[in-house]
Amino acid sequence: VRVLFVSSEVSPYSKTGGLADVAAALPASLAAMNHDLMVVTPLYSQVDDRRHRLHPVFDDVEIKLGDRAAAFSVWLADDGRTWFIDLPQLYHRASIYTNDPDEHWRFVMLTVAALELCRQRRWAPDIVHANDWETGLLPLYLRAVFTDDLFRAARTVFTIHNLGYQGVFGAGIADDLGLGDQRYLLHQEHLRQGRIGFLEHALMYADALTTVSPTYAWEIQTTEMGMGLDGLLRRRAHDLVGILNGIDTTVWDPRTDHHLPANYSESNLDDKLVNKWALMAESGIEGGAEVPLLGMISRLVSQKGVELLIRPLARLLAEGRVRCVLLGSGERKYEDALQWLADSFPGRAAYRRGYDEQLAHLIEGGADMFLMPSQYEPCGLNQMYSLAYGTVPVVRRTGGLADTVTHYDPATGEGTGFVFQHYNEEGLTWALEEALAVFPDRKAWRRLQLNGMAQDNSWQRRAGEYDELYRRLVGEEPS
Ligand code: ADP
Ligand code: GLC
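This text gives an overview of the structure that appears in the document. (Residues numbered from 1 in each chain as written. Chains lettered and ligands numbered in written order. Predicted model: local features only at pLDDT ≥ 70, side-chain atom pairs only at ≥ 80, totals over all residues. Heavy atoms only, no water.)

**Points about the site of ligand 1**
Neighbouring ligand 1 are 19 residues; Gly18, Asp21, Arg299, Lys304 and Gly354 lie closest to it. A distance of 2.9 Å separates an oxygen atom of ligand 1 from a polar side-chain atom of lysine 15. Within the side chain of lysine 304, a nitrogen or oxygen atom sits 2.7 Å from an oxygen atom of ligand 1. Notes on ligand 1: free accessible area 560 Å², of which the protein chains cover 93%. Listed by contribution, the elements that provide at least two residues to the shell around ligand 1 are helix H1 (18-32), strand E12 (293-300), strand E13 (323-330) and helix H13 (382-388). It is E12 that provides the largest number of residues to the shell around ligand 1, a total of three residues. Tallied by class, residues from the shell around ligand 1 come to six nonpolar, seven polar and six charged. (Near = heavy atom within 4 Å. Polar contact = N/O pair within 3.5 Å; in protein donor to acceptor, adjacent residues only side chain to side chain. Areas by Shrake-Rupley, 256 points an atom, 1.4 Å probe, with all protein chains shown as cover. Helix = DSSP H or I, 4+ residues; strand = E, 2+ residues; numbered from the N terminus. Nonpolar A, V, L, I, M, F, W, Y, C, P; charged D, E, K, R; others polar.)

As structure tokens, this is what we get:
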């Protein structure tokens, strides 16, 4: 199956969160299954084109959209699969996402350029797979503007990675979209109310909808968690499926992770301690092996439950019962709260503000427990990295966290982590106390770690579900 996969971020070229990891690993796994994949993404100034050895393929490809015209160049990565749209006036900005007045246009151009690139290559996609609001207008453009033969057979898939970001703009941008007499395809009622939502239009027009875990697929159909789109999602329930993300084992495997001072597996799990010492030394944390070290790596936004964490953690740190290393950046108030923890408990708590790939790996490799008290979590990747690394996750039962972590039961020895239900400090405290009660029991803890490490969350396994979906859409029987 020929698949055009469009994403606003692709690891390792550009990344702010899990979408980048998925946009790298899923196409790679599908390509390994003999599908023909073309991944299209912007050439941001943040992409290190020298390090990644991108080569130029096309120059001056013209796009006309309504009465606007532009020309872009195209670069190809040496995986032969990832294509970059080079439009410096749009993609050379201080950050990947902006609040600039042309933010809508930056991603309309990505969407349209991806289709234009198919024309340029005379490459007829069977499946056009869009991700998140940035590429939400792709199905609409295929219906309204890119109606030539090349796209006649193309079926569209849209994946919701996070319903919290809907790409809603003022109705004034309608003129920029170049829809001409097809403008009636826009959501008329919302247009009258003065807004255009990119993600919403994907939900209206994609042939198939997916999201990144079965639980989240269900949750977003409820008024509580549907963020205003639950009605539309319920109407499309038959076309919506939850497929868990996987982890890229070429990047996240404790046996081969080159960021770790000591590689380890189930059979030499004691070597994980070497990483714990390294993480503590690097972060200025003092204490012995018997004091549990908690880790967290997160975009610091309200979704991630940072506000739940501060008081319970402060109490445990004050009592000297835990140590922690926290990594992340985002909203100022959360950064300040984590900084306050580090300042209040020197030698016990460390906080690194910013984005740090190396430290992220060391935290997974060195921490005893991993914190993910998310308010909502479409899938979440770090809890799966944690399971693979024998770093026991403490999570809230929501979205993909609910689908990948099970609460440890001391009676049976089953379970892979600690899971709480209610989104409040008491809930989190309960889970932490459960974990701290098991930690000193070395045998039980080892069992818990091994349970997690035995779980197969690889993309090799998960990509099969996309394979089936694609084949069904193009009218083939799944093999
Ligand atoms: P989300 O996409 O909502 O941020 P995920 O758990 O799916 O959540 O993915 C987050 C990804 O981003 C993981 O690969 C995580 O390691 C990475 N990440 C997030 N913040 C940082 C950071 N400050 N430094 C390094 N990696 C980070
Ligand atoms: C989103 C979600 C996260 C998910 C990621 C990749 O950013 O917040 O839960 O893992 O997308 O699908």
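**Things to note about the pairing of strand E2 (residues 36-42)**
The two faces of the sheet receive side chains in turn, since in a regular strand these alternate between them. With six of seven residues buried, E2 is to be regarded as a mostly interior element. As paired strands, strand E1 (residues 2-6) and E2 are joined by five bridges and run parallel to one another. Across the sheet, residue phenylalanine 5 finds its bridge partner in E2, namely valine 39. The parallel pair E1 and E2 is bridged by H1, and the resulting crossover is right-handed. With four bridges joining them, E2 and strand E5 (residues 82-86) adopt parallel strand pairing. By the bridge assignment for E5, valine 39 is matched with threonine 82. (Buried < 20%, exposed > 50% of the residue type's maximum accessible area, 1.4 Å probe, protein only. Pairing = 2+ DSSP bridges. Right-handed = clockwise from strand over helix to strand, strands pointing away.)

**A look at the sheet that holds strand E16 (residues 392-396)**
Here six strands make up an open sheet; going across it, the order is E14-E13-E12-E15-E16-E17 and the pairing parallel. The open sheet terminates on both sides in strands that have one partner only, identified here as strand E14 (349-353) and strand E17 (418-420). Looking at each pair of strands side by side, their axes are set apart by 15° on average, direction ignored. Pairing of E12 with strand E15 (residues 369-372) involves two bridges; the strand directions are parallel. Opposite glycine 295, over in E15, you have phenylalanine 370 as the bridge partner. The sheet contacts of helix H11 (residues 332-344) involve E12, E13 and E14, and relative to E14 the element is tilted by about 145°. On the sheet, helix H12 (residues 357-366) packs against E12, E13, E14 and E15 and is oriented at approximately 145° with respect to E12. (Axes fitted to C-alpha atoms, helices over the stretch in contact; angles between N-to-C directions. Contact = heavy atoms within 4.5 Å.)

**Description of the sheet that holds E5**
Strand order in the open sheet formed by nine strands is E3-E4-E5-E2-E1-E6-E7-E10-E11, and the pairing between neighbours is mixed. Strands at the two margins of the open sheet, each flanked by one partner only, are strand E3 (55-65) and strand E11 (240-242). When strand polarity is set aside, the average angle formed by the axes of neighbouring strands in this sheet is 25°. Relative to E3, helix H3 (residues 103-121) is tilted by about 110°, and along the sheet it contacts E1, E2, E3, strand E4 (68-76) and E5. Relative to the sheet, helix H17 (residues 459-473) contacts E1, strand E6 (127-131), strand E7 (155-160), strand E10 (208-211) and E11, its axis offset from that of E7 by approximately 150°.

**Considerations on the packing of aromatic side chains**
For the structure shown, the criterion picks out 15 aromatic pairs. For the pair tyrosine 13 and phenylalanine 84, a centre-to-centre distance of 5.0 Å together with 80° between the ring planes defines the contact as edge-to-face. With a gap of 71 residues between them, tyrosine 13 in the loop between E1 and H1 and phenylalanine 84 in strand E5 connect regions that are remote in the sequence. With relative accessibility at 0%, the residue phenylalanine 84 sits in the buried group. Both rings, one in phenylalanine 418 and one in tryptophan 445, keep their centres 6.2 Å apart while their planes meet at 15°; by these two values the pair is stacked. With phenylalanine 418 in strand E17 and tryptophan 445 in helix H16 (residues 442-453), this residue pair connects regions lying 27 residues apart in the sequence. These aromatic residues form a ring-pair network of at least three members: Tyr97, Phe107, Trp133, Phe169 and Phe198. (Phe/Tyr/Trp six-rings, centres within 6.5 Å; stacked < 30°, edge-to-face > 60°.)

**As for the side chain of arginine 106**
Note on placement: arginine 106 falls in helix H3. Discounting residues that sit within four places of it in the chain, arginine 106 has contacts with Tyr44, Leu90, Tyr91, Arg93, Ser95, Ile96, Tyr97 and Thr98.

**Remarks on unusual backbone geometry**
Cis rather than trans, the peptide bond between serine 11 and proline 12 has omega equal to 5°. Looking at the element boundaries, proline 12 is found in the loop between E1 and H1. Positioned with a positive phi, arginine 53 is a non-glycine residue whose angle comes to about 50°. You can see arginine 53 is positioned in the loop between E2 and E3. Of note, the phi angle at methionine 227 is positive, near 45°, even though the residue is not glycine. What makes methionine 227 partly exposed here is its relative accessible area of 38%.

**Side note on the site of ligand 2**
Surveying the vicinity of ligand 2 reveals 13 residues, the closest of which are His161, Asn245, Glu377, Cys379 and Gly380. The contact in question runs from an oxygen atom of ligand 2 to an N or O atom on the side chain of histidine 161, over 2.7 Å. Take proline 378: an N or O atom from its main chain is 3.5 Å from an oxygen atom of ligand 2. Taking 310 Å² as the accessible area of ligand 2 by itself, protein coverage stands at 93%.

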